[in-house]
Amino acid sequence: MSYTRHYSVLKQECIGNLTDNAVVGEVSYFADLTFGGGGHSFELLYTNPLFQVRSTDQDPDALRNGEARIAEEKMSSRIKLFNTNFVRFPGIAKEECPEVFEADGFQGILLDLGVSSHHFDEAGRGFSFRFEGPLDMRMNHKSDAFLTAEEIVNTYSEEQLMKIFSEYGEEKFSKKIAVKICEERKIKPVTTTKELENIIFHCYPKEMRYGKTNPSTRVFQALRLEVNRELEVLTDTITHLIPLLKIGGRLAIISFHSLEDRIVKNLFKEASQSQDFPVEILTKKPIVPGEEEIFNNSRSRSAKLRVLERISVKKEKNKYKQDFR
Ligand SMILES: C[S@@+](CC[C@H](N)C(=O)[O-])C[C@H]1O[C@@H](n2cnc3c(N)ncnc32)[C@H](O)[C@@H]1O
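On a predicted model such as this, the values are computed, not experimentally measured, just so you know.

Our focus in this paragraph is the overall build of the protein chain. Secondary structure summary: the protein chain contains 14 helices and seven strands in total. Expected size for 325 residues packed as a compact globule is a radius of gyration near 20 Å; at 21 Å, the protein chain falls within 12% of this value. Over its C-alpha atoms, taken along the principal directions, the protein chain stretches across nearly 65 × 60 × 40 Å. For the protein chain, the computed accessible surface area is about 16600 Å², with 51% contributed by carbon and sulfur atoms.

Let us now look at helix α13 (residues 258–273). In a regular helix each residue adds 1.5 Å, so 16 residues correspond to 22 Å; α13 covers 23 Å between its end C-alpha atoms and thus fits that length. By the burial criterion, the buried members of α13 are L259, E260, D261, I263, V264, L267, F268, A271 and S272. On its buried face, α13 is in contact with α8 (158–169), α11 (217–227), α12 (230–241), β5 (245–255), β6 (279–281) and β7 (304–310).

Here we take up the pattern of salt bridges. Applying the stated rule across the entire model yields 20 salt bridges. The salt bridge involving K11 is made with E43; its shortest N-O contact spans 3.7 Å. Residue K11 is found in helix α1 (residues 11–19), and its partner E43 is found in helix α2 (residues 39–47); the two are separated by 32 residues along the sequence. Taking relative accessible area as the criterion, K11 reaches 27% and is therefore assigned partly exposed. Of the charged contacts in the structure, one is a salt bridge between R250 and E309, with a shortest N-O distance of 2.9 Å. In this pair, R250 is assigned in strand β5 and E309 in strand β7, connecting sequence segments 59 residues apart. Look at the salt bridges and you will find they share partners, linking D59, D61, R64 and R125 into a network.

Judged by nonpolar contacts, the single largest core of 63 residues is most densely connected at F106 and L251. Counting the residues that make up this core, at least three belong to each of domain 1 (11–117 + 231–310) and domain 2 (147–227). Excluding anything up to four places from it in sequence, F106 contacts Y29, F30, A31, R54, F89, V100, F101, L244, L245, K246 and G249. Counting residues in hydrophobic clusters, the runner-up holds 25 residues, among them L10, I70, A252 and A303.

What the domain assignment lists for the protein chain is domain 1 (11–117 + 231–310) and domain 2 (147–227). Relative placement of domain 1 and domain 2: their C-alpha centres are 33 Å apart. Listed as interface residues are seven residues of domain 1 and, on the opposing side, six residues of domain 2. Of the roughly 500 Å² buried between domain 1 and domain 2 on both sides combined, carbon and sulfur atoms contribute 58%.

A word on the site of the ligand. In the region of the ligand, 24 residues are neighbours, and S8, H40, D57, F86 and D112 sit closest. At 3.1 Å from an oxygen atom of the ligand is found a main-chain nitrogen or oxygen belonging to G39. With respect to the ligand, the backbone of F86 contributes an N or O atom lying 2.8 Å from a nitrogen atom. In isolation the ligand has 610 Å² of accessible area, and contact with the protein removes 98% of it.

Okay, the side chain of R138 next. Mapping R138 onto the fold places it in the loop between α6 (117–121) and α7 (149–155). Classification of R138 by relative accessible area gives buried; the value is 10%. Within polar-contact distance, the side chain of R138 engages the side chain of D136 at 2.8 Å. Once residues within four sequence positions are removed from consideration, R138 is found in contact with R125, F127, S143, D144, F146, L147, T148, V227 and N228.

Looking now at the sheet that holds β6. Overall, mixed pairing links the seven strands, which are arranged β3-β2-β1-β4-β5-β7-β6 in an open sheet. Single-partner strands in this sheet number two, and they are β3 (79–83) and β6. On average, each strand axis in the sheet is tilted by 15° relative to the strand beside it, whichever way the strands run. In the sheet, β6 pairs with β7 via three bridges, with the strands oriented antiparallel. Looking at β7, one finds that E280 is bridged to E309. On the sheet, α12 packs against β4 (106–112) and β5 and is oriented at approximately 160° with respect to β5.

Criteria and cut-off values
Residues numbered from 1 in each chain as written. Predicted model: local features only at pLDDT ≥ 70, side-chain atom pairs only at ≥ 80, totals over all residues. Heavy atoms only, no water. Helix = DSSP H or I, 4+ residues; strand = E, 2+ residues; numbered from the N terminus. Rg over C-alpha atoms; globule rule 2.2 N^0.38 Å. Areas by Shrake-Rupley, 256 points an atom, 1.4 Å probe, with all protein chains shown as cover. Expected span 1.5 Å × (residues − 1). Buried < 20%, exposed > 50% of the residue type's maximum accessible area, 1.4 Å probe, protein only. Contact = heavy atoms within 4.5 Å. Salt bridge = Lys/Arg side-chain N within 4 Å of Asp/Glu carboxyl O. Core = buried A, V, L, I, M, F, W, Y, C linked by side-chain atoms within 4.5 Å. Domains from an automatic or database assignment. Buried area = accessible area lost by both parts, 1.4 Å probe. Near = heavy atom within 4 Å. Polar contact = N/O pair within 3.5 Å; in protein donor to acceptor, adjacent residues only side chain to side chain. Pairing = 2+ DSSP bridges. Axes fitted to C-alpha atoms, helices over the stretch in contact; angles between N-to-C directions.

Here you go:
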């Protein structure tokens with residue numbers, strides 16, 4: 001099965017921010033925890049021959065494709081790819097990458113969240129309503145650790161379904177869709193993408209069925225977030241990545257959903273108020289793609305990049321400022 005080419009979002013902005021503080025003439029280590037098609041990882045490798053990359057992905061297709069590309073480009077001495085959910089990376093990094101901590105830690109860590117074009121284009125993975133396929137949606141489809149979309153659709157209560165459709169998908173007709181799914185599954189379990197699409201389509205008022213956005217978009221997105229527990233995993237990861245950075249090292253996160261961006265923004269703010277591992281937020285407002293990038297890759301339109309830097313000591317706020325007003 002071939003791997004669909006993935007267009008890397010905000011590539012130059014990420015590479016620029018991650019590598020800004022790298023010391024010229026020294027080896028620098030980077031972690032790309034969402035390897036995908038390897039676009040960001042390889043760009044780091046091309047930028048400087050002294051850059052080393054440690055990557056993770058939980059998708060077997062991405063890993064297989066990645067290993068083949070690493071061999072093809074003869075980069076195996078400069079990049080290591082780990083088969084794991086990135087939530088486990090802080091726990092395994094010291095053991096798996098001791099060389100990085102001998103060099104005081106990572107110069108940069110990147111998370112480019114969500115799924116890749118490959119997921120949407122591969123009918124058998126069940127991420128897209130464009131093709132008939134099984135309702136799966138697990139990024140790691142070889143593991144039983146996560147429920148499939150089919151299991152969720154056929155076992156969650158009407159209230160649970162309504163909650164995820166409205167919270168994760170901001171779907172206006174979440175109640176109607178949840179009620180209809182529960183009716184339909186009494187007759188026969190809902191097992192394919194097209195069966196689910198058909199149910200959702202008929203829950204939409206006639207005049208809204210052929211709009212710019214397919215009626216299934218929001219429910220499919222909500223199910224994907226629920227299947228892969230994407231928000232939970234993100235929340236459990238961010239704070240633990242900061243101690244892996246060297247002083248001056250940067251953490252860059254690209255999100256594609258307002259709920260994800262809120263988590264990144266809030267956890268960055270919390271980190272900036274903590275004294276344990278002082279950090280400075282470098283993006284008061286998130287970096288977003290320009291018109292040209294959006295024109296070339298419409299998926300990039302919702303991307304938001306936030307960056308923080310680990311610093312040695314917290315800058316004191318000017319406590320005299322008030323006195324001299
Ligand atoms: C948006 S794509 C990354 C694309 C990549 N930056 C590129 O330029 O090719 C996200 C990738 O991260 C992986 N991924 C998402 N969440 C993950 C997690 N919690 N742990 C490990 N990999 C994850 C997905 O399987 C997917 O391959």
